[in-house]
Structure formats: C-alpha cells, structure tokens
Amino acid sequence: QVQLVESGGGLVQVGGSLRLSCAVSGLTFSGLVMGWFRQTPGKEHEFVSAISWSGDTTDYTDSVKGRFTISRDNAKNTVYLQMNSLRPEDTSVYHCAARTDGWYSTRLAMHYVHWGQGTQVTVSS
C-alpha cells in the first residue's frame with residue numbers, strides 16, 4: 001500500500017520557520033521525483049518545489065526561492081521542505097507528491113501520481 005504522510009505543519013509568526021517532512025512507503029523511494037504543492041480552499045494545487053530522485057536537481061516557484069529548501073534522505077524514504085522567512089501568503093495546506101516518470105514538467109500537478117493528505121501551515125501577522 002502506497003502511503004505519503006506529511007508532518008511538521010503548524011502555526012508560526014511572520015518571519016518564522018517550519019520544516020515539513022513527508023515519509024513515503026510502498027514505493028521505491030530512490031526512483032521517485034518528489035514535489036511539494038500547496039492548496040487553499042477553492043483553488044488548484046500550486047507548485048512549490050520539486051527534487052530529482054538523486055537530490056542533485058531542484059526546482060522552486062519564484063515566490064519561495066531563497067526562503068524554502070527541499071531535500072531528501074533516500075535511506076529514510078523521506079523528503080523535507082525547510083521553510084524560512086515565512087509570510088502570511090504562505091498559509092496553505094502543503095501536500096507532498098510523487099511521480100515515477102522522470103524529471104520534466106515538474107511544476108504540473110497532473111504528472112504526480114501519489115499524494116499525501118497534507119499538513120496545514122498557518123502564518124500569522
């Protein structure tokens with residue numbers, strides 16, 4: 001059974017930090033491209049970041065560049081999102097997602113096959 005389980009969300013003040021984790025089971029983790037998306041009610045999934053299977057290649061949406069860092073530990077089957085200098089507009093439910101078809105169009109949610117349930121991040125001003 002494939003499972004992606006996010007953790008690490010919470011309430012933080014503007015300028016604060018959070019580290020999200022996504023533990024993956026039921027898949028060969030080292031073969032996956034992993035992504036983080038966020039979603040607010042009534043809106044589509046918004047791409048945040050992605051990382052290649054090896055961790056050598058990453059991608060970020062412009063609004064989080066320089067503030068967020070994606071990483072992975074293939075020995076622990078876990079992907080992380082370190083979020084610094086948080087802003088109110090970062091408030092959302094954050095989902096991790098996995099795909100097996102390679103590194104292309106990484107920002108499109110439609111290419112990701114497996115999704116976690118999400119973890120709420122709330123940034124208060």
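Structure shown above.
Please read these numbers as outputs of a predicted model, since none were measured by experiment. (Residues numbered from 1 in each chain as written. Predicted model: local features only at pLDDT ≥ 70, side-chain atom pairs only at ≥ 80, totals over all residues. Heavy atoms only, no water.)

Student: What's the story with the sheet that holds strand β8 (residues 78–83) in this structure? I'm lost.
Tutor: Strand pairing in a sheet relies on backbone hydrogen bonds. The paired strands run either parallel or antiparallel. With respect to topology, 4 strands assemble into an open sheet ordered β1-β3-β8-β7, the strand pairing being antiparallel. At either margin of the open sheet sits one strand with a lone partner, and together these are β1 (3–7) and β7 (68–73). The mean inter-strand angle of the sheet, taken between neighbouring strand axes irrespective of direction, is 15°. Bridging between strand β3 (residues 18–25) and β8 involves 6 bridges; their strand directions are antiparallel. Looking at β8, one finds that L18 is bridged to M83. (Pairing = 2+ DSSP bridges. Helix = DSSP H or I, 4+ residues; strand = E, 2+ residues; numbered from the N terminus. Axes fitted to C-alpha atoms, helices over the stretch in contact; angles between N-to-C directions.)

Student: What exactly am I supposed to notice about the state of the cysteines here?
Tutor: What we call a disulfide is simply a covalent bond connecting the sulfur atoms of a pair of cysteines. Taken as a whole and assessed by the stated rule, the structure comprises 1 disulfide. The disulfide that involves C22 links it to C96, with 1.9 Å between the sulfurs. The chirality of the disulfide connecting C22 with C96 is right-handed, given an S-S dihedral of about 50°. You can see C22 sitting in strand β3 and its partner C96 sitting in strand β9 (residues 92–99), a full 74 residues away along the chain. Just as C22 is buried, C96 falls in that class too. (Disulfide = S-S within 2.5 Å. Buried < 20%, exposed > 50% of the residue type's maximum accessible area, 1.4 Å probe, protein only.)

Student: I'm lost on the nonpolar core in this one. Help?
Tutor: The tendency in soluble globular proteins is for nonpolar side chains to be buried as a group. Core analysis: the largest hydrophobic core is formed by 25 residues, its most contacted members being M34, W36, L81, M83 and Y94. With 4 residues, β3 is the largest single contributor of residues to this core. Aside from chain neighbours lying at most four places away, what touches L81 is L18, R19, L20, W36, V48, S49, F68, T69, I70 and Y94. Residues F47, A50, A97 and Y112 belong to the second largest nonpolar core, which totals 6 residues. (Core = buried A, V, L, I, M, F, W, Y, C linked by side-chain atoms within 4.5 Å. Contact = heavy atoms within 4.5 Å.)

Student: Quick question: what am I supposed to make of the pairing of strand β11 (residues 119–124) here?
Tutor: Consecutive residues of a regular strand have side chains that alternate between opposite faces of the sheet. Burial along β11 is one-sided: the face carrying T119, V121 and V123 is buried and the face carrying Q120, T122 and S124 is not. Strand direction decides the pairing type here: strand β2 (residues 10–13) and β11, joined by 4 bridges, are parallel. Paired with Q13 across the bridge in β11 is S124. For β9 and β11, the ladder comprises 3 bridges, and the chain directions are antiparallel. Residue pairing for β11: Y94 is matched across the bridge by T119.

Student: How should I be thinking about the side chain of D59 in this particular structure?
Tutor: Within the secondary structure, D59 sits in strand β6 (residues 58–60). A relative accessible area of 15% means that D59 is categorised as buried. Within the structure, D59 has its side chain in polar contact with the side chain of T106 (distance 3.2 Å). Polar contacts involving the side chain of D59 include one to the side chain of R107, which spans 2.8 Å. (Polar contact = N/O pair within 3.5 Å; in protein donor to acceptor, adjacent residues only side chain to side chain.)

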